[in-house]
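A structural walkthrough
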Amino acid sequence: MAAVFLAIGSIAAFLAVALGAFGAHVLKRRLSAQMLANFQTGVQYHMIHAVALLVLGGLWRSWGDLPLFPYAGWFFLAGIILFSGSLYALSLSGVKKLGAITPLGGLCFLAGWLCLALAGLAGA
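Residues numbered from 1 in each chain as written. Predicted model: local features only at pLDDT ≥ 70, side-chain atom pairs only at ≥ 80, totals over all residues. Heavy atoms only, no water.

Here's the deal with the overall build of the chain
The secondary structure content of the chain amounts to 4 helices and 0 strands. Ordered by position from N to C terminus, the α and β elements of the chain give α-α-α-α. Considering only C-alpha atoms, the chain reaches an extent of 50 × 25 × 15 Å along its principal axes. For the chain, the proportion of its 124 residues judged to be buried stands at 39%. Counting only contacts in the chain whose residues sit at least 6 apart along the sequence, the fraction spanning at least 24 positions is 76%. As presented, the chain carries roughly 6700 Å² of accessible surface, and 74% of it is formed by carbon and sulfur atoms. (Helix = DSSP H or I, 4+ residues; strand = E, 2+ residues; numbered from the N terminus. Buried < 20%, exposed > 50% of the residue type's maximum accessible area, 1.4 Å probe, protein only. Contact = heavy atoms within 4.5 Å. Areas by Shrake-Rupley, 256 points an atom, 1.4 Å probe, with all protein chains shown as cover.)

Written out as structure tokens, the structure is:
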């Protein structure tokens, strides 16, 4: 399972770089400053949690199979999809109701970090 999260983290990081470049080079001329800032926030959290998935995969390989590792990984992925994805969709569509999804992604990020912390404490 460590390899799965290493692969997911790598793909997520690739997409974060691609979306960041898209925002900087294409959307910069097409979006308002606020919508571009929303998009960039999505990219920032996307990349942070892509790296978290890579770290998780590496920890899994060195510490072994701790019960909360899979939960942490799936919560990080769900957070990327819900938090960053909703900010991308909001920025590109202008539909402000999509912003209601963003906090759910934030809760997923928090749950992922909590699972990782508890896994670390259990493995210590």
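Here the narrative resumes, following the displayed structure.
Some thoughts on the packing of helix H1 (residues 2-25) against helix H2 (residues 33-63)
Contact geometry of H1 with H2 gives a least axis separation of 8 Å together with a crossing angle of 160°. In terms of orientation, H1 lies roughly antiparallel with respect to H2. Regarding H1 and H2, the two cross each other, and that crossing is left-handed. In the contact of H1 with H2, the residues fall into 21 nonpolar, 7 polar and 1 charged. (Axes fitted to C-alpha atoms, helices over the stretch in contact; angles between N-to-C directions. Parallel < 35°, antiparallel > 145°, perpendicular 65-115°, else oblique. Left-handed = near helix turned anticlockwise from the far one by under 90°. Nonpolar A, V, L, I, M, F, W, Y, C, P; charged D, E, K, R; others polar.)

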